[in-house]
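Observations on the three-dimensional arrangement
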Protein chains: 2
Amino acid sequence: MRINNKCFGVDLGGTTTKIGLFNMDGTLIEKYEVPTNKKDDGIHILDDIKVFIDQVIVEKSLDSNDIIGIGLGVPGAVTDDGIVNKCINLGWNVINVESIMKEKTNFNVKVGNDANMAALGEYWKGGAAEFSSIALITIGTGIGGGIIMNGRPINGYNGAAGEIGHVSIVYDETETCNCGKKGCLEQVASASGIVRVAKKFLNATDTDSSLRGLEDISAKSVFDEAKKGDAVASEVVAYITKYLGLALANIAGVIDPECFVIGGGVSAAGQYLVDLIAASYRKNVFHPCKDTPIVLASLGNDAGMYGAAKLVIDASKNEQ
Amino acid sequence: MRINNKCFGVDLGGTTTKIGLFNMDGTLIEKYEVPTNKKDDGIHILDDIKVFIDQVIVEKSLDSNDIIGIGLGVPGAVTDDGIVNKCINLGWNVINVESIMKEKTNFNVKVGNDANMAALGEYWKGGAAEFSSIALITIGTGIGGGIIMNGRPINGYNGAAGEIGHVSIVYDETETCNCGKKGCLEQVASASGIVRVAKKFLNATDTDSSLRGLEDISAKSVFDEAKKGDAVASEVVAYITKYLGLALANIAGVIDPECFVIGGGVSAAGQYLVDLIAASYRKNVFHPCKDTPIVLASLGNDAGMYGAAKLVIDASKNEQ
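Fair warning: this is a prediction, and the values are worked out from it, not measured in the lab.

So, the interface of chain B and chain A
- Between chain B and chain A, the contact holds 36 residues from the first and 36 residues from the second.
- Broken down by secondary-structure element, the contributors of at least two residues to the side of chain B that touches chain A are β10 (143-149) and α8 (231-255) of chain B.
- Looking at the side of chain B that touches chain A, its residues break down into 20 nonpolar, twelve polar and four charged.

Okay, here's the thing in structure tokens:
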């Protein structure tokens, strides 16, 4: 490996694209954020990234020969051979992003699902840096997840591995999830799911609650009020963490990871959230996995960039 | 590879030990079955296997240099480095079976969990031979399972990957599972679980059922009567296959395998069982995984031997 080797880690989101320039040891040299241009069914997106990266190379006076490649996380299902399977958020149909981007840039390109890249980032430089097999669950607007086994992301045959948000877990759910099913984890434990559950619980009871005085209830306000001892908010938090713990226990029954990582916006609720999830997990998991640590993610919104960089670095090592 | 290369695949069970002599292409040359001697906390078990294998080598006039090694499936949790973690069935505490057996025999030895070996066997030469990533679920006295990702068994950090029998899935279960939890899949869908559910359903209703006339209700009789249209037996089968389908959908949400394989004694109920599991699976799974095939295992009780042989063959290739 040349001493000046560098790579780009790109986290392609529905609204913005994050581009990071990394050293091979995982030092983030510089990060950039640009709007994602979704016009014309997203046909400009990859060109925009290419042009931006070319600019960075010029501005930073980098030698193209020192760039080992571009890692790219996309918000959709990705198979092992880099084919992206209908990225609805971006307007894409089924396309081989890896080969298209390789051709455009002449760099080595590796593509992964954004949640898997976040998991790889947390595994490499984040909350799970001391572990080798992890399951990340990101609790944000939706619920996503990524599985890393022995340092490699698991994509799944249909690119749907780690889609923990859509396991059927609430048997008495009456409303339908965005995905068309009923009873998905995302329906109760995502940021919007938590608000939905809170409103349902408030409507079902006359119990006093500081949540009733709020103009807008958010996942954050539910956790804030629960921490202060509000009865209804505490009930909501108990309900959603019961299912999160159950979901983690189910994951353990399949792959028995060394560690669980909790990320996404809702994880700002911190150790309080982790402790409640852990209590439900330990109650529901098969005994050999009782002591598996559950930790908080630490890279925030940069995790996907880090993971994408790691993906292309690992690929370049395998090719040597 | 020498043309005469062979290996042994051993499936070490609590009652009997199956020993198979294999060609490298997976042809089973000869199989043997010997009682497992569990006396003195199972201290004689590995010696017995060594002595038996030595005899076979002499009887078959084999050249020891042609034997590439011994694969060994054991009924307990096995970590990636071949350590067996308390095999209660055999009387074993925590021991490194791989290194002990290597020393005894001077052969290369690889050790895996018996359910994982069965999965590897079905992947190699059985019902899933055309797929590369599979989840096997064995429905017998208990429920076990094994995960193969890209041709390799997943052991899990605590050797507990694929322990599908102990995912918490029946939320209103009142009785306690052998493992100490409540609501495990094994409690309703194993052979004994099916009988337990049948008795419960029969007690809860006055509905006529041919099951009432039977001296002993078995999982087989429940399926036989359900196939004939018996109302209570059909209800029991609907109940247990609902949970089996849910469990498979949960597995898909974690690893999204290319194929599911159903094995174990209860799988004798055949395509009828598979179709009912598939109906529940397709209802509960995230849409990208809707078409994942569910097939029957085909190697029966030999699957573990085949998988153990495959494990040591793969290890010998990696060392070349």
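A short note on the domain arrangement of chain A
Residues and elements named next belong to chain A.
- Considered domain by domain, chain A is made up of domain 1 (6-121 + 301-319) and domain 2 (129-297).
- Once you take the C-alpha centre of each, domain 1 and domain 2 turn out to be 28 Å apart.
- Contacts between domain 1 and domain 2 engage 13 residues on the former and 16 residues on the latter.
- For the side of domain 1 that touches domain 2, the secondary-structure elements that each account for two or more residues are β5 (77-78), β8 (109-113) and α4 (114-125).
- Among the elements that take part in the side of domain 1 that touches domain 2, α4 stands out by supplying five residues, more than any other.
- Grouping the amino acids of the side of domain 1 that touches domain 2 by side-chain chemistry returns seven nonpolar, five polar and one charged.

Structural notes on helix α7 (residues 219-227) of chain A
All names here are of chain A.
- Three or more residues of α7 are buried, namely Ala219, Val222, Phe223, Glu225 and Ala226. Here the buried residues of α7 occupy an arc of 165 degrees about the axis, which is enough to place them on one side.
- Check the buried side of α7 and you find it contacts α6 (191-203), α8 (231-255) and α9 (270-284).
- Positive phi appears at Gly229, one or two residues downstream of α7, with a value of about 100 degrees.

Some details on helix α3 (residues 97-105) of chain A
Residue and element names in this part refer to chain A.
- Within the span of α3, buried status applies to Val97, Glu98 and Met101. In an axial view of α3, the angular spread of the buried residues amounts to 95 degrees, which keeps them on one side of the axis.
- Looking at the buried side of α3, the elements it contacts are α2 (45-59), β4 (67-74), β6 (83-85), β7 (94-96) and β8.
- Immediately downstream of α3, the backbone of Asn106 shows phi near 65 degrees, a positive value.

Concerning the pairing of strand β2 (residues 16-23) of chain A
Residues and elements named next belong to chain A.
- The element β2 is largely enclosed, with a buried count of six among its eight residues.
- Linking strand β1 (residues 6-12) back to β2 in an antiparallel pair, the connection comprises three residues.
- Two strands pair when backbone bridges link them, and β2 and strand β3 (residues 28-35) are joined in this way by seven bridges, in the antiparallel orientation. What sits directly across from Ile19, in β3, is Tyr32.
- What sits between the antiparallel neighbours β2 and β3 is a turn of four residues, in which Gly26 has the positive phi angle 95 degrees.

Details of the nonpolar core
- Membership of the largest hydrophobic core comes to 215 residues, with the highest contact counts inside it found for Val222 and Ile255 of chain A together with Val222 and Ile255 of chain B.
- If sequence neighbours within four positions are ignored, Ile255 of chain B has contacts with Ile147, Ile154, Gly156, Ala161, Val254 and Ile255 of chain A together with Ala135, Ile147 and Met149 of chain B.

Concerning the relation of the copies chain B and chain A
- Once chain B is rotated about the relating axis by 180 degrees and shifted along it by 0.0 Å, it coincides with chain A to within an RMSD of 0.0 Å. Such a combination of rotation and displacement between the chain copies is what one expects of a two-fold axis.
- The fraction of interface residues of chain B whose copies in chain A are also interface residues reaches 100%, indicating that both copies meet through the same surface.

Some words on the environment of Asn178 of chain B
Residue and element names in this part refer to chain B.
- Locating Asn178 in the fold gives a position in the loop between β11 (152-153) and α5 (185-189).
- Judged by the 12 C-beta atoms lying within 10 Å of it, Asn178 is exposed.
- Spatially, the C-alpha atoms of Asn178 and His166 are 9.7 Å apart, while their sequence positions differ by twelve residues.

Concerning the sheet that holds strand β2 (residues 16-23) of chain B
All names here are of chain B.
- Ordered in space as β3-β2-β1-β4-β8, the five strands form an open sheet in which the pairing is mixed. Two strands close off the open sheet at either side, each with one partner strand: β3 (28-35) and β8 (109-113). Neighbour to neighbour, the strand axes of the sheet diverge by 15 degrees on average, direction disregarded.
- Here seven bridges tie strand β1 (residues 6-12) to β2, and the two strands are oriented antiparallel to one another. By the bridge assignment, Phe8 is partnered in β2 with Leu21.
- The sheet strands contacting helix α2 (residues 45-59) are β1, β2, β3 and β4 (67-74), and the helix crosses β2 at an angle near 40 degrees.
- Across the sheet, helix α3 (residues 97-105) touches β4 and β8, and the angle it forms with β8 is around 145 degrees.

Cut-offs and rules
Residues numbered from 1 in each chain as written. Chains lettered and ligands numbered in written order. Predicted model: local features only at pLDDT ≥ 70, side-chain atom pairs only at ≥ 80, totals over all residues. Contact = placed C-beta atoms within 7 Å. Helix = DSSP H or I, 4+ residues; strand = E, 2+ residues; numbered from the N terminus. Nonpolar A, V, L, I, M, F, W, Y, C, P; charged D, E, K, R; others polar. Domains from an automatic or database assignment. Buried ≥ 20, exposed ≤ 12 C-beta atoms within 10 Å, placed from the backbone. Arc of directions from axis to C-beta. Pairing = 2+ DSSP bridges. Core = buried A, V, L, I, M, F, W, Y, C linked by C-beta atoms within 7 Å. Least-squares fit on C-alpha atoms with pLDDT ≥ 70 in both. Axes fitted to C-alpha atoms, helices over the stretch in contact; angles between N-to-C directions.

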